[in-house]
Amino acid sequence: MLQGETYLVKAKWQEAPTGVADLHTFHGKLEPTAAWTRGPFVSNSGLTEDGLAAFGKGKCVVCMDGLDL
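Residues numbered from 1 in each chain as written. Predicted model: local features only at pLDDT ≥ 70, side-chain atom pairs only at ≥ 80, totals over all residues. Heavy atoms only, no water.

(A) Spotlight on the overall build of the protein. The secondary structure content of the protein amounts to two helices and three strands. Mapped from its N terminus to its C terminus, the protein presents α and β elements in the order β-α-β-α-β. Summarising its shape, the C-alpha atoms of the protein cover approximately 35 × 20 × 20 Å along the three principal directions. Looking at the 69 residues of the protein, the share that counts as buried comes to 28%. A sequence separation of at least 24 residues applies to 59% of the contacts in the protein between residues at least 6 apart. When the 6 basic and 8 acidic side-chain charges of the protein are each reduced to a single mean position, those positions are 7 Å apart. (Helix = DSSP H or I, 4+ residues; strand = E, 2+ residues; numbered from the N terminus. Buried < 20%, exposed > 50% of the residue type's maximum accessible area, 1.4 Å probe, protein only. Contact = heavy atoms within 4.5 Å. Lys, Arg positive; Asp, Glu negative; His and termini not counted. Charge placed at Lys NZ, Arg CZ, Asp CG, Glu CD.)

And the structure:
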């Protein structure tokens, strides 16, 4: 918990950008939690275009790359 908000964090350190499949898997882990839970997903190598398109807006998954850190 951070300032009354619940966060589940996932970090990937790999050579290839993270794709939509990994983001869907993480989103599935957030589904059974409270509606206000947010999930920062940090991928050091960035995210693929399809991953950003699927999770770019209005989802509980917050996509970040190494530069955001």
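(B) Examining the state of the cysteines more closely. Enumeration over the complete set of coordinates arrives at zero disulfides. Looking at the unpaired C60, the closest cysteine sulfur is the one in C63, lying at 10 Å. (Disulfide = S-S within 2.5 Å.)

(C) Representation of the sheet that holds strand β3 (residues 61–65) within the structure. Across the sheet, which stays open at both edges, the three strands sit in the order β1-β2-β3 with parallel pairing between neighbours. Sheet topology places β1 (10–12) and β3 at the edges, where each strand pairs with a single neighbour. Shown here is a sheet whose adjacent strand axes are inclined to one another by a mean of 15°, direction ignored. Relative to strand β2 (residues 39–43), β1 is paired through three bridges, and the arrangement is parallel. (Pairing = 2+ DSSP bridges. Axes fitted to C-alpha atoms, helices over the stretch in contact; angles between N-to-C directions.)

(D) Inspection of the pairing of β2 at higher detail. Of all five residues making up β2, five are buried, and the element is well covered by its neighbours. Side chains G39, F41 and S43 project from β2 onto one buried face, and the interleaved P40 and V42 project onto a second face that is buried too. In this view, the connection linking β1 to its parallel neighbour β2 by way of helix α1 (residues 20–30) has right-handed handedness. Judged from the five bridges that link them, β2 and β3 form a sheet pairing that is parallel. Each bridged residue has a counterpart across the sheet, and for P40 the counterpart in β3 is V62. (Right-handed = clockwise from strand over helix to strand, strands pointing away.)

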